Amino acid sequence: MKEIIILASGNGSNFESICVYFSKSKSIRVKQLITDNKDAFVIQRAKKLNVDYKIIDYHCFNNKSEYNHTLFEHLKSFNFDLIVLAGYMRILPDYIVNYYKGKIINIHPSLLPNYKGINAIARAFENKEKYTGITIHYVDEGVDTGKIIFQKKVRIKKSDTIESLEKRIHKIEHKTYPKIIKRVLAKNN
Ligand code: GAR
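Residues numbered from 1 in each chain as written. Predicted model: local features only at pLDDT ≥ 70, side-chain atom pairs only at ≥ 80, totals over all residues. Heavy atoms only, no water.

This is how the line gets drawn: UniProt positions are given in the numbering used here, feature names are shortened, and annotations may be inferred rather than shown by experiment.
The name given to the protein chain in an unreviewed UniProt entry is Phosphoribosylglycinamide formyltransferase, with the source organism recorded as Defluviitoga tunisiensis. Annotation of the protein chain in UniProt includes, under Pathway (unreviewed entry), the sentence "Purine metabolism; IMP biosynthesis via de novo pathway; N(2)-formyl-N(1)-(5-phospho-D-ribosyl)glycinamide from N(1)-(5-phospho-D-ribosyl)glycinamide (10-formyl THF route): step 1/1."

1. Looking at the UniProt feature "domain: Formyl transferase N-terminal" (unreviewed entry) in the protein chain
Applied cut-off: The secondary structure listing takes helices from DSSP runs of H or I that are at least 4 residues long and strands from runs of E that are at least 2 residues long, numbered from the N terminus.
As annotated by UniProt and renumbered to match this structure, "domain: Formyl transferase N-terminal" (unreviewed entry) occupies residues 3-180. Overall, residues 3-180 shows 35% helix and 24% strand. The separation of its end C-alpha atoms is 15 Å.

2. As for the environment of Ile-105
Selection rule: Burial classes: relative accessible area under 20% of the type maximum marks a residue as buried, over 50% as exposed, and values in between as partly exposed (1.4 Å probe, protein chains only). For this analysis, residues touch if any pair of their heavy atoms sits within 4.5 Å.
Turning to its location among the elements, Ile-105 is positioned in strand 5 (residues 104-108). Ile-105 gets classed as buried once you look at its relative accessible area, which sits at 0%. Those residues within four positions of Ile-105 in sequence are excluded, and the remaining contacts are Leu-82, Ile-83, Val-84, Leu-85, Ile-136, His-137, Tyr-138, Val-139, Ile-149, Tyr-177 and Ile-181.

3. Digging into unusual backbone geometry
A cis amide bond links Leu-112 to the next residue, Pro-113, at an omega of 15°. With respect to the helices and strands, the residue Pro-113 is situated in the loop between strand 5 and helix 5 (120-126). One non-glycine residue, Asn-50, lies in positive phi territory at about 60°. Here Asn-50 is to be found in the loop between helix 2 (42-49) and strand 3 (53-55). Residue classification places Asn-50 among the exposed positions, given a relative accessible area of 72%. One non-glycine residue, Lys-128, adopts positive backbone phi at about 55°. If you trace the backbone, Lys-128 turns up in the loop between helix 5 and strand 6 (131-138).

4. A look at the site of the ligand
Rules: Here a residue counts as near a molecule or strand whenever at least one of its heavy atoms sits within 4 Å of it. We define a polar contact as two N or O atoms separated by no more than 3.5 Å, with the added condition that, inside protein, one atom must be a possible hydrogen donor and the other a possible acceptor, whereas residues neighbouring each other in sequence contribute only through side-chain atom pairs. Residue burial considers only the protein chains on display, and all accessible areas are found by Shrake-Rupley using a 1.4 Å probe.
Near the ligand you find Asn-11, Gly-12, Ser-13, Asn-14, Gly-87, Met-89, Ile-107, His-108, Pro-109, His-170 and Glu-173, and these make up its full shell. Between Asn-14 and the ligand, the recorded distance is 2.9 Å, taken from a backbone N or O atom to an oxygen atom. In the model, an oxygen atom of the ligand is placed 3.1 Å from a nitrogen or oxygen of the His-170 side chain. The fraction of the free accessible surface of the ligand (450 Å²) that becomes covered by protein chains is 89%.

5. Here's the deal with the packing of helix 1 (residues 13-22) against helix 6 (residues 162-187)
Any two packed helices are characterised by how steeply their axes cross, that is the angle between the axes, and by the distance between the axes. To be explicit about the condition: Comment: axis = line fitted to C-alpha atoms, over the contacting stretch for helices; angle = value between 0 and 180 degrees taken between N-to-C directions. Under this scheme an angle from 65 to 115 degrees is roughly perpendicular, one under 35 degrees roughly parallel, and one over 145 degrees roughly antiparallel; angles in between are oblique. A crossing counts as left-handed when the near helix is turned anticlockwise from the far one by less than a right angle, and as right-handed when that turn is clockwise. Residues are grouped as follows: Ala, Val, Leu, Ile, Met, Phe, Trp, Tyr, Cys and Pro are nonpolar; Asp, Glu, Lys and Arg are charged; every other residue, Gly included, is polar.
Between helix 1 and helix 6, the least distance of the axes is 9 Å, while the angle of their chain directions is 55°. When the axis of helix 1 is compared with that of helix 6, the two are oblique. When the axes of helix 1 and helix 6 are compared, the crossing they make is right-handed. Counted together, Ser-13, Asn-14, Ser-17, Ile-18, Tyr-21 and Phe-22 of helix 1 and Glu-173, His-174, Tyr-177, Pro-178, Lys-179, Ile-181 and Lys-182 of helix 6 form the full contact between these two elements. For the contact of helix 1 with helix 6, the per-class residue count stands at six nonpolar, four polar and three charged.

6. Notes on the confidence of the model for the protein chain
Our working rule: As a per-residue measure, pLDDT tells how confident the predictor is, with possible values from 0 to 100.
When pLDDT is averaged along the protein chain, the result is 97, and 99% of the positions lie at 70 or above. Note on the complex model: pTM 0.96, ipTM 0.98.

Right, here's the structure in full:
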């Protein structure tokens, strides 16, 4: 059985789609959700789906390095095959990325290397791009710079609002991310 850990900070719609996709799998399971935000809606989703979760509340620490140290100690305390970032809005420090080299993936709502960082959908929309998209990539020491595993282009329609575009992008993320996770785990065999 391959086991994945999901890190998320907010709504958790990707977390839910991954859990649902693997809920009947005999070879892959979501071992735990880790969130840095005690108020994140993703916690409600974990409860509903009966998935183990751990809150490491960022705001309970004196600084970033104490938070990251606790996260690292927690990760090292158990075994798993892949760390999946799904709307995790913090930057993992180099030492965690290096320790788990090739074992951390992220999803980002743009066609990287365009629109790295936060608010990627809104920025592409406001810049009147004709296309944006989604990217799934390995995590390296940079921000949204790791080796690309998968990309899908999404056309921005004239009739789109930020909300309609966001909705379409999320739908594609939900459909795609679980399948790519499966593919990455098969490759890591
Ligand atoms: C997703 O659109 C994901 O691509 C994005 O946050 C959203 C999380 O939604 N991630 C980033 O922007 C990372 N830089 P969710 O919490 O509903 O899954």
